[in-house]
Every structure is written in structure tokens, then in C-alpha cells.
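A look at the structure
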Amino acid sequence: MAIKDFIQQKLWSFLAGMGSAMIMILAFFIPSLQDQWDRYQSRKIITQYEKLGNEFYNEDRYDMAEQAYQKAFELSDNKRLDIEIKRMNAKINRINMNPKWGTTPPEDLQEIDFQYVLHLQQDAQMVKEQVATLNSYGIFLAAASKPRASEQAFRNAIQLDSTDATAFVNLGNLYDQQGKKQAALLQYQQAITLDKSNTWAHYNLGLLYYEQGNIQAAKNEFAQVLQIDSTDADARKQYELMEKAAVPAH
């Protein structure tokens with residue numbers, strides 16, 4: 001065999017071998033690349049659901065936020081604990097979606113849900129989150145006919161942050177529910193001292209003044225609500241009612 005032919009034969013054998021090797025390498029990497037692409041797409045979808053949940057949460061649409069976070073958590077193969085925490089926060093905040101105090105809480109909401117979230121918020125950097133959870137927890141306990149535990153939850157919130165007006169409003173609502181009108185009045189007034197723009201404090205104080213027969217004081221509180229939020233239909237209705245009540249009989 002000529003040297004030229006020998007070299008050509010060896011070269012073709014080498015190239016053929018390289019071709020087989022390349023096929024094997026591609027066969028190995030193509031599924032891996034596809035898997036990486038699938039994970040990338042999945043992460044994009046998870047991020048979109050999480051973002052949607054954040055938007056719903058910021059709009060106080062906690063039921064929709066919970067569903068969005070739930071979908072994101074499932075797509076992460078139940079591995080994204082940060083998303084699960086967001087879902088639980090949305091779930092417990094559903095207690096705040098009904099503005100009427102003492103209404104029956106959602107059937108799937110349980111006391112353990114609040115305790116679980118509070119356990120996750122033990123970090124000293126999460127005081128604000130703890131206070132919000134305790135306020136929701138107290139409302140839940142009041143609706144569950146556990147007034148002592150409810151009061152303790154609000155007291156714990158105030159202990160963590162004595163400037164939180166919401167906790168004082170909730171404590172006032174609890175006392176009002178128990179017939180402790182003077183104690184309720186003091187809590188509403190304290191809430192207003194802390195936050196003059198707290199419409200719930202003004203509104204509930206107005207209702208309390210009306211119950212006590214102090215029409216002018218009630219009217220002033222409803223006027224304060226309307227000054228803060230002119231679209232508040234309930235406050236406008238009460239204000240107009242106070243105006244009629246203040247008109248002397250002929």
C-alpha cells in the first residue's frame with residue numbers, strides 16, 4: 001500500500017471516529033440543553049405568577065394573590081419557600097377583606113395558619129410584618145369568639161410597635177363588641193393621635209359618638225373621614241344622617 005493511500009485511510013478512520021464521538025456528545029448534551037431551556041421557561045412563568053401575586057397583594061385582593069402565589073409555588077415543584085410564605089401571608093390577610101367587624105372568617109382559615117406565619121416572622125427585622133399578622137390574628141380570634149386571646153394579640157402588636165394605629169383601632173372594635181364603650185372610645189382616640197388620617201378610627205369613633213347621642217361630635221368624625229377620602233360612601237351616608245338628626249323639630 002502506498003504511503004499516500006495509507007495516510008488517507010487513517011484520516012478517514014479518524015474523521016469517522018470523530019463523527020461518532022460528536023454524535024455521542026450531541027446525544028448527551030441535547031437533552032441537557034432542552035432541560036435547561038425548560039427550566040428557564042418555567043422560571044419565567046414562576047416569576048410572572050409571583051409578580052401577579054405581588055400586584056394583587058398590594059391592591060388588598062388577598063384571595064387572588066393567594067391563588068397566584070399558589071400557582072407559582074406549584075410550578076417550582078414546591079421548592080420556593082419564599083413564595084409559600086407570601087401565599088400564607090395572603091391567606092391570613094383574607095380576614096381583612098370583609099370590613100365588617102366580627103364576621104365569620106373564611107372556612108379554610110385556621111388558627112394554625114397565623115401561628116405558622118408568626119413563627120416564620122421571628123426575625124428582628126420583620127417587626128412590621130409581625131405586627132400586621134398579629135392584627136389579622138386578633139380579628140380572626142374575635143370572630144372565633146375568643147375575646148381574651150384576641151385582646152392579647154392586639155396587645156402583643158402594640159408591644160412590638162406602640163405607634164401602630166391599626167392595633168388601637170382593632171382593640172377599640174373589640175371593646176365596642178364587648179359593650180365597653182368608654183374603653184373603645186379611648187382606643188379610637190389614641191389611634192387618631194397616632195395617625196390623624198386613619199379613616200377607620202374616625203369612622204368608628206363617629207359611630208360610637210352617635211350611639212352616645214353626641215350628634216355633633218359624630219358628624220365631625222364623619223366629616224374628617226370625607227376630608228381624607230371624599231369617595232367613602234359609608235362615611236357620606238352617616239354624615240348626611242347626622243345632618244338630618246341635627247335639624248331641630250318644628
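To be clear, the structure that these remarks concern was listed above.
Residues numbered from 1 in each chain as written. Predicted model: local features only at pLDDT ≥ 70, side-chain atom pairs only at ≥ 80, totals over all residues. Heavy atoms only, no water.

**Details of the overall build of the protein**
- For the protein, the helix and strand inventory stands at 11 helices and zero strands.
- Taken from the N to the C terminus, the helices and strands of the protein come in the order α-α-α-α-α-α-α-α-α-α-α.
- Residues classed as buried in the protein amount to 34% of the 250 residues present.
- For the protein, the proportion of contacts with a sequence separation of at least 24, taken over those separated by at least 6, is 47%.
- Surface summary for the protein: the accessible area is close to 15,700 Å², and the carbon and sulfur share equals 55%. (Helix = DSSP H or I, 4+ residues; strand = E, 2+ residues; numbered from the N terminus. Buried < 20%, exposed > 50% of the residue type's maximum accessible area, 1.4 Å probe, protein only. Contact = heavy atoms within 4.5 Å. Areas by Shrake-Rupley, 256 points an atom, 1.4 Å probe, with all protein chains shown as cover.)

**Details of the packing of aromatic side chains**
- Using the criterion set out here, one finds five aromatic pairs in the structure.
- Pairing F114 with F140 gives two aromatic rings, centres 5.0 Å apart and planes at 40°, and the pair type is tilted. Of this pair, F114 sits in helix 4 (residues 111-120) while F140 is found in helix 5 (residues 127-143), placing the two residues 26 residues apart along the sequence.
- Residue class for F114 comes out buried when judged on its relative accessible area of 0%.
- Relative to Y203, the ring of W200 lies with its centre 6.3 Å away and its plane at 85°, an arrangement referred to as edge-to-face. Linking W200 with Y203, this pair stays in helix 9 (residues 199-211), spanning three residues, or about one helical turn.
- Residue classification places Y203 among the buried positions, given a relative accessible area of 14%.
- By the ring-pair criterion, three or more aromatic residues cluster together here, those being F114, Y137 and F140. (Phe/Tyr/Trp six-rings, centres within 6.5 Å; stacked < 30°, edge-to-face > 60°.)

**Some remarks on the side chain of K91**
- By secondary structure assignment, the location of K91 is in helix 3 (residues 81-93).
- Classification of K91 by relative accessible area gives buried; the value is 11%.
- A polar contact is formed between the side chain of K91 and the backbone oxygen of D108, at a distance of 3.3 Å.
- If we ignore the near neighbours within four places in the chain, the residues touching K91 are E66, D108, L109 and D113. (Polar contact = N/O pair within 3.5 Å; in protein donor to acceptor, adjacent residues only side chain to side chain.)

**Quick look at the side chain of R94**
- Following the sequence through the fold, R94 ends up in the loop between helix 3 and helix 4.
- If we skip the residues at most four places from it in the chain, R94 touches Y62, D63, E66, P106 and D108.

**Regarding helix 5**
- Between its first and last C-alpha, helix 5 extends 24 Å over 17 residues, near the 24 Å set by a 1.5 Å rise per residue.
- Within two residues after helix 5, S145 carries a phi angle of roughly 60°, on the positive side. (Expected span 1.5 Å × (residues − 1).)

**Observations concerning the packing of helix 6 (residues 147-160) against helix 7 (residues 165-177)**
- Taken N-terminus to C-terminus, the directions of helix 6 and helix 7 make an angle of 160°; their axes are 9 Å apart at the nearest point. Classified by the angle between their axes, helix 6 and helix 7 sit roughly antiparallel to one another. With respect to the hand of their crossing, helix 6 and helix 7 are arranged in left-handed fashion. Of the residues in helix 7, those in contact with P147, S150, E151, F154, R155, A157 and I158 of helix 6 are A167, F168, N170, L171, L174 and Y175.
- Classifying every residue of the contact of helix 6 with helix 7 gives nine nonpolar, two polar and two charged. (Axes fitted to C-alpha atoms, helices over the stretch in contact; angles between N-to-C directions. Parallel < 35°, antiparallel > 145°, perpendicular 65-115°, else oblique. Left-handed = near helix turned anticlockwise from the far one by under 90°. Nonpolar A, V, L, I, M, F, W, Y, C, P; charged D, E, K, R; others polar.)

**What to know about the layout of surface pockets**
- Size it by volume and the largest pocket reaches roughly 1,600 Å³.
- Mapped onto the lining of the largest pocket, the elements with two or more residues apiece are helix 3, helix 5, helix 7 and helix 9.
- The element best represented in the lining of the largest pocket is helix 5, accounting for eight residues.
- Residue classes in the lining of the largest pocket are distributed as 19 nonpolar, 17 polar and 11 charged. (1 Å grid on protein atoms, 1.4 Å probe; cavity = no way out; pocket = protein on both sides within 12 Å on 5 of 7 lines; lining within 4 Å. Points joined across faces, edges and corners; volume = space filled by probe spheres on them.)

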